[in-house]
Amino acid sequence: MNSLTIFLLDDNDVFLHGFAQHLTAWLKENASDKYKTFCFTDPAAMLQAAATRQVDLFISDIDLGEDTPSGIDAAAQLLKLWPGCAVIYLTAYLSYATDVYETAPIYFILKDEYDTRIPKAMKRFFQYRTEQQRYVSIISGSATIAIPLKQLIYCERVGRTVHFYLDDGRDFPSILSIKEIYELLPKEQFSICHRGFIVNHSYISSTKRLELTLSTGQTLPVGRSCCDSFRKNYFRWLTNFL
């Protein structure tokens, strides 16, 4: 049985421990994994503890008060130690959502709704853990390559070849078509946004009708014939994310 380590960070000690109690109650009833939760009101203390203990899930308030690094800053530092850590933000305002893409949160919890949001957030976390273990196997050149889906940003058709672009800079060409590749991918996580492109929803930072922007800064086209189906699939994923 796996053991999970969960770090909680909020500058309001009363709120923090109330949230921790609700979270622990949900985990006790629903989680099959063993778990340990640790509460912090100070980002520096949290990072010091993280230096000696692997962290699987980090739940943090975004606004930690004046003259204190934000929860976004704390998450960025934590991810340098534990890149596989999942991040969930607590916030009173979803307007913060546009500022956090570099830390790739898997969910947001509105503070005044946390008692009803915890189940959705934790279900998303366990789904995320499953996704981290998923791969798609393709033939690239003379080799069979197992591509981690969490690292696959997008696929692009260039001539008669489709390229798989990963977040570590690797690029694997394949002779499979866009449609054949899409059949191999989980539809809840990927969409065809153009007849020559497949995109991972997790890397989309903003969309326009005929264009989308990735968290890497790149832009991809959205085809007119794909626009409605892409937006429907992406916003279905986004609804589960927020």
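Relevant structure appears above.
Residues numbered from 1 in each chain as written. Predicted model: local features only at pLDDT ≥ 70, side-chain atom pairs only at ≥ 80, totals over all residues. Heavy atoms only, no water.

Student: Can you explain the pattern of salt bridges? Please cite residues and give values.
Tutor: Taken as a whole and assessed by the stated rule, the structure comprises 5 salt bridges. Among the salt bridges present, the one from D10 reaches K111, with a minimum N-O distance of 2.8 Å. Here D10 is found in the loop between β1 (3-9) and α1 (13-30), whereas its partner K111 is found in the loop between β5 (107-110) and α4 (114-131), with 101 residues between them in sequence. (Salt bridge = Lys/Arg side-chain N within 4 Å of Asp/Glu carboxyl O. Helix = DSSP H or I, 4+ residues; strand = E, 2+ residues; numbered from the N terminus.)

Student: Lay out the nonpolar core in plain terms, naming residues and giving numbers.
Tutor: Nonpolar side chains in soluble globular proteins tend to end up buried together. Ranked by size, the top nonpolar core spans 25 residues in total, and within it F19, L23 and I59 carry the most contacts. Secondary-structure elements contributing two or more residues to this core are β1, α1, β3 (57-61), β4 (86-91), β5 and α4. By residue number, the principal contributor to this core is α1, which donates 7 residues. Leaving out residues up to four positions away in the same chain, I59 has contacts with I6, F7, L8, L9, F19, L23, I88 and L90. Counting residues in hydrophobic clusters, the runner-up holds 19 residues, among them V136, F172, I198 and C226. (Core = buried A, V, L, I, M, F, W, Y, C linked by side-chain atoms within 4.5 Å. Buried < 20%, exposed > 50% of the residue type's maximum accessible area, 1.4 Å probe, protein only. Contact = heavy atoms within 4.5 Å.)

Student: Outline the packing of α1 against α4, listing residues and values.
Tutor: Packing of α1 against α4 leaves a shortest axis separation of 10 Å and a crossing angle of 55°. If you check the angle between α1 and α4, you find them oblique. In terms of crossing hand, the pair formed by α1 and α4 is right-handed. From α1, F15, G18, F19, H22, L23, W26 and L27 reach across to α4, where they touch Y114, D115, I118, P119, M122, K123 and F126. (Axes fitted to C-alpha atoms, helices over the stretch in contact; angles between N-to-C directions. Parallel < 35°, antiparallel > 145°, perpendicular 65-115°, else oblique. Left-handed = near helix turned anticlockwise from the far one by under 90°.)

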